[in-house]
Amino acid sequence: MNESHKSEFIELRKWLKARKFQDSNLAPACFPGTGRGLMSQTSLQEGQMIISLPESCLLTTDTVIRSYLGAYITKWKPPPSPLLALCTFLVSEKHAGDRSLWKPYLEILPKAYTCPVCLEPEVVNLLPKSLKAKAEEQRARVQEFFASSRDFFSSLQPLFVEAVDSIFSYSALLWAWCTVNTRAVYLRPRQRECLSAEPDTCALAPYLDLLNHSPRVQVKAAFNEETHSYEIRTTSRWRKHEEVFICYGPHDNQRLFLEYGFVSVHNPHACVYVSREILVKYLPSRDKQMDKKISILKDHGYIENLTFGWDGPSWRLLTALKLLCLEAEKFTCWKKVLLGEVISDMNEKTSLDIAQKICYYFMEETNAMLQKVSHMKDEKEALINQLTLVESLWTEELKVLRASAKTLHSLQTAFT
């Protein structure tokens, strides 16, 4: 459904036009499944420029330093981070309301986000263990970001009638942090003396940031130093009135959920992570060489990023299992295992059997979690949107596990 007629988009287009941006290729629309995005108004060819956003439309640290905040940032020691500068500007401009020069852009930004850092703790507890741990780290990082920034916010009191504590609250900063984290485009690193040494690579790109993610498309996106515009060219073709996508990167669903707050259905990069604890759960506890095997895997980087995917267990996972399944008399062959050599049919079969047991364990756990989420949806109506998102993550993981189980069954038949 075309949304160009909506007042917020009419105002945004006027605002963009005043900043020398005009676009006849794309129009805001609402799509089933992805929600608000941009659709093609004409057929788009491979290699065609789909959007070219002038530098005057980008919100960068330059924007912030040129503003009323510049003098406060320049004199603050230690220098604020680029992220803090952007977040402070967003919160301040949102508070300004109708007085903000950026109001047309702020009006189309999400009012709330669905990244794990924004979810209720009881919902975070329903996430896969590896994602839950990262979500808790993310929350702690944002809380620390807020706590360490409060003195700087206090220094801005002369700019406001209201108390800065009421303006720069945790919820306000969290909204700004999510806005930058989920919507910023990448610019070539810059360095300013008045900002800390952290990479200054983020820019908010009004209108362009309405483009949704698809793992199946490829685009070329970068800031063009000659035209002073952020440009996106498509390597795909789009028919008229189709949703136009960009790709945020080859991310699995846990990464997409953590960083952007959504799950991609049938994501080719989707996978299920196997922790060290689960890896050894189905191995013989009497193996005297187990600690040494784990140490070897750790030293060679084979204890992390072990996964099940659409094609079955990853090469890294199978390699780790083959080394862990080495019999005592074959232990000296561990280097050959890491090089991908076959040690014996018995070693191959044992590692596949254990991979299957781990896969089935995950399938049982996933089904149990889906039941738990379903019950909570009945009981906690206020959390229905958050729970539905978690449910979609587990549903996609179950699809991956079923595909892996099927592949493992085929591989095992070679040894029967």
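Note that the coordinates shown come from a computational prediction; the quantities given were computed from them, not determined experimentally. (Residues numbered from 1 in each chain as written. Predicted model: local features only at pLDDT ≥ 70, side-chain atom pairs only at ≥ 80, totals over all residues. Heavy atoms only, no water.)

## Regarding the overall build of the protein chain
Item 1. Of regular secondary structure, the protein chain possesses 16 helices and 12 strands.
Item 2. Taking the principal axes of the C-alpha coordinates as reference, the protein chain spans close to 75 × 50 × 50 Å.
Item 3. Roughly 21000 Å² of accessible area belongs to the protein chain as shown, and the carbon and sulfur atoms make up 52% of that amount.
Item 4. The positive charge centre, built from 51 side chains, and the negative charge centre, built from 49, are 2 Å apart in the protein chain. (Helix = DSSP H or I, 4+ residues; strand = E, 2+ residues; numbered from the N terminus. Areas by Shrake-Rupley, 256 points an atom, 1.4 Å probe, with all protein chains shown as cover. Lys, Arg positive; Asp, Glu negative; His and termini not counted. Charge placed at Lys NZ, Arg CZ, Asp CG, Glu CD.)

## Side note on the domain arrangement of the protein chain
Item 1. Domain boundaries in the protein chain define domain 1 (59–204) and domain 2 (271–414).
Item 2. Its C-alpha centre places domain 1 at a distance of 38 Å from the equivalent point of domain 2.
Item 3. Tallying the contact residues gives 11 residues for domain 1 and 14 residues for domain 2.
Item 4. Each partner contributes to the roughly 1100 Å² buried at the junction of domain 1 and domain 2, and carbon and sulfur atoms together form 73% of this total.
Item 5. Inspection of the domain 1/domain 2 interface yields 1 salt bridge. (Domains from an automatic or database assignment. Contact = heavy atoms within 4.5 Å. Buried area = accessible area lost by both parts, 1.4 Å probe. Salt bridge = Lys/Arg side-chain N within 4 Å of Asp/Glu carboxyl O.)

## Some details on the nonpolar core
Item 1. Residues Y207 and L208 are the most contacted members of the largest nonpolar core, which totals 71 residues.
Item 2. The greatest single-element share of this core, amounting to 8 residues, is contributed by helix α9 (residues 170–183).
Item 3. Apart from residues lying up to four places away in sequence, Y207 is in contact with L12, R13, L16, F21, D23, L26, A27, P28, L38 and I51. (Core = buried A, V, L, I, M, F, W, Y, C linked by side-chain atoms within 4.5 Å. Buried < 20%, exposed > 50% of the residue type's maximum accessible area, 1.4 Å probe, protein only.)

## Considering the pattern of salt bridges
Item 1. Enumeration over the complete set of coordinates arrives at 14 salt bridges.
Item 2. Residues E11 and K14 are paired through a salt bridge, measuring 3.7 Å at the closest nitrogen-oxygen approach. Of this pair, E11 and K14 both sit in helix α1 (residues 7–18), 3 residues apart, roughly one helical turn.
Item 3. On the accessibility criterion, E11 (40% relative accessible area) is partly exposed.
Item 4. Residues D62 and R190 are paired through a salt bridge, measuring 3.4 Å at the closest nitrogen-oxygen approach. Linking D62 in helix α2 (residues 61–66) with R190 in strand β4 (residues 185–190), this pair joins segments that are 128 residues apart in sequence.

## Let's talk about the pairing of strand β2 (residues 35–40)
Item 1. The sheet contact formed by strand β1 (residues 26–31) and β2 spans 6 bridges and is antiparallel. By the bridge assignment, P28 is partnered in β2 with L38.
Item 2. Linking β1 to β2, which pair antiparallel, is a turn of 3 residues; within it G33 sits at a positive phi near 95°.
Item 3. Note that β2 and strand β9 (residues 243–246) share 2 bridges and pair antiparallel. (Pairing = 2+ DSSP bridges.)

## Topic: unusual backbone geometry
Item 1. The omega torsion of the bond from K77 to P78 falls at -5°, within 30 degrees of zero and hence cis.
Item 2. In this fold, P78 is placed in the loop between α3 (70–75) and α4 (82–96).
Item 3. A positive phi angle is found at H241, which is not glycine, with a value near 75°.
Item 4. With respect to the helices and strands, H241 occurs in the loop between β8 (229–234) and β9.

## As for the sheet that holds β2
Item 1. Spatially, 4 strands are ordered β1-β2-β9-β6 in an open sheet, and the strand pairing comes out mixed. For this open sheet the edge positions go to β1 and β6 (212–213), each flanked by a neighbour on one side alone.
Item 2. Taken strand by strand, α1 contacts β1 and β2, and its axis lies near 155° from that of β1. (Axes fitted to C-alpha atoms, helices over the stretch in contact; angles between N-to-C directions.)

## A word on the state of the cysteines
Item 1. Counted under the stated rule, the structure contains 0 disulfides.
Item 2. We note that C178 lacks a disulfide partner, and the nearest cysteine sulfur, in C118, lies 3.5 Å from it.
Item 3. The cysteine C325 is free of any disulfide, with C333 supplying the nearest cysteine sulfur at 14 Å. (Disulfide = S-S within 2.5 Å.)

## Considering the sheet that holds strand β7 (residues 219–224)
Item 1. What the 3 strands build is an open sheet, ordered β3-β8-β7; its pairing is antiparallel. Of all the strands in the sheet, just β3 (49–54) and β7 have a single pairing partner and so form its edges. Taken over all neighbouring pairs, the strand axes of this sheet differ in orientation by 10° on average, direction set aside.
Item 2. The pairing of β3 with β8 spans 5 bridges and is classified as antiparallel. Across the sheet, residue P54 finds its bridge partner in β8, namely S229.

## Quick word on the environment of V272
Item 1. Locating V272 in the fold gives a position in strand β10 (residues 272–273).
Item 2. V272 gets classed as buried once you look at its relative accessible area, which sits at 2%.
Item 3. Filtering out sequence-adjacent residues up to four positions away, V272 remains in contact with L306, T307, F308, F362, E397, V400 and L401.

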